[in-house]
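Structural overview
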Amino acid sequence: MTDPIADYLTRLRNAIMAHHRVVEVPASNMKKSITQILFEKGYILNYKFIEDGPQGTIKVALKYDPKTKQSAIKKLERVSTPGLRRYTGYKDMPRVINGLGIAILSTSKGVMTNKEASDLKIGGEVLCYVY
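Let me begin by describing the structure that accompanies this report. Nothing here was measured: the structure is a model prediction, and the numbers come from that model. (Residues numbered from 1 in each chain as written. Predicted model: local features only at pLDDT ≥ 70, side-chain atom pairs only at ≥ 80, totals over all residues. Heavy atoms only, no water.)

Below, the discussion takes up the sheet that holds strand 1 (residues 22-26). Judged by pairing direction, the sheet is antiparallel, and its three strands sit side by side in the order 1-3-2 without closing on themselves. Looking at the sheet topology across the chains shown, the edges are occupied by strand 1 and strand 2 (44-50). Averaged over all neighbouring strand pairs, the angle between strand axes comes to 20 degrees, with direction disregarded. Examined bridge by bridge, strand 1 and strand 3 (residues 57-62) share five bridges and lie antiparallel to one another. (Pairing = 2+ DSSP bridges. Helix = DSSP H or I, 4+ residues; strand = E, 2+ residues; numbered from the N terminus. Axes fitted to C-alpha atoms, helices over the stretch in contact; angles between N-to-C directions.)

Below you can see the structure in the form of structure tokens.
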């Protein structure tokens, strides 16, 4: 597999389109931190790390509106790929839907959102947009 983060986002996207409640993905430290950010920002209902074997898995409980049955995540978009890395400085931080969505960045201080990175005045690799 050349791009595990794109695979992670695609599994979430496919589970949302099929209206699944829970999706399992292979774990890595990067995926764990992305999942934690999605939970903190209210895009997913819950998550659980299962340590089985050398890699482990992440169980993600997806969040839907009880009345309209629409997902909390409207779109997951991969920005930086292995073939074309996208970096940004803190001065030209991307704004997703004029501040309504989040951009997840991999910085020298760890994985964080665009708002946290601009507050700390650090840039990094733009992993994905979520809204």
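Here the narrative resumes, following the displayed structure.
In terms of nonpolar packing, the biggest core is built from 25 residues, with L12, L38, L62, I104 and V130 touching the most fellow members. Of all the elements in the fold, those that place two or more residues in this core are helix 1 (4-17), strand 1, helix 2 (29-40), strand 3, strand 6 (102-107) and strand 8 (124-130). The leading source of residues in this core is helix 1, at six residues. If sequence neighbours within four positions are ignored, I104 has contacts with I34, I37, L38, V111, M112, E125, V126, L127, C128 and V130. V96, L105, I122 and Y129 belong to the second largest nonpolar core, which has ten residues in total. (Core = buried A, V, L, I, M, F, W, Y, C linked by side-chain atoms within 4.5 Å. Buried < 20%, exposed > 50% of the residue type's maximum accessible area, 1.4 Å probe, protein only. Contact = heavy atoms within 4.5 Å.)

Right, let's talk about the pairing of strand 8 for a bit. In terms of burial, strand 8 is a largely internal element, seven of the seven residues being buried. Of the strand pairs in this sheet, strand 4 (residues 76-78) and strand 8 are connected by three bridges, and their pairing is antiparallel. Pairing of L76 across the sheet is with V130, part of strand 8. Both strand 5 (residues 87-88) and strand 8 contribute to a ladder of two bridges, which runs antiparallel. By the bridge assignment, Y87 is partnered in strand 8 with E125. Summarising the sheet, strand 6 and strand 8 pair through six bridges and their orientation is antiparallel. Each residue of the ladder has a partner; that of I102, found in strand 8, is V130.

The next point concerns the environment of T57. With respect to the helices and strands, T57 occurs in strand 3. With a relative accessible area of 19%, T57 lands in the buried category. Considered as a pair, T57 and E125 are 68 residues apart in the sequence and their alpha carbons are 25 Å apart. Ignoring anything within four residues of it in the chain, the contact list for T57 reads V25, P26, A27, K48, F49, I50 and D52.

Given 3.6 residues per turn, any residue in an α-helix points the same way as the ones three and four places further on. An ideal rise of 1.5 Å per residue puts 16 Å on twelve residues; helix 2 measures up with 17 Å between its terminal C-alpha atoms. Among all positions of helix 2, only K31, K32, S33, I34, T35, I37 and L38 are buried. Directly after helix 2, the chain includes G42, whose backbone phi takes a positive value near 85 degrees. (Expected span 1.5 Å × (residues − 1).)

What follows concerns the pattern of salt bridges. Throughout the structure, instances matching the rule amount to five salt bridges. Linking K59 and E24 is a salt bridge whose minimum nitrogen-to-oxygen distance equals 3.6 Å. Pair noted here: K59 is in strand 3 and E24 is in strand 1, with a separation of 35 residues, a long-range link. A residue is classified by how much of its surface remains accessible, and K59, at 32% relative accessible area, is partly exposed. Under the relative-accessibility criterion, E24 is labelled partly exposed at 42%. Linking R85 and E125 is a salt bridge whose minimum nitrogen-to-oxygen distance equals 3.1 Å. You can see R85 sitting in the loop between strand 4 and strand 5 and its partner E125 sitting in strand 8, a full 40 residues away along the chain. Looking at R85, the relative accessible area reads 40%, which means it is partly exposed. (Salt bridge = Lys/Arg side-chain N within 4 Å of Asp/Glu carboxyl O.)

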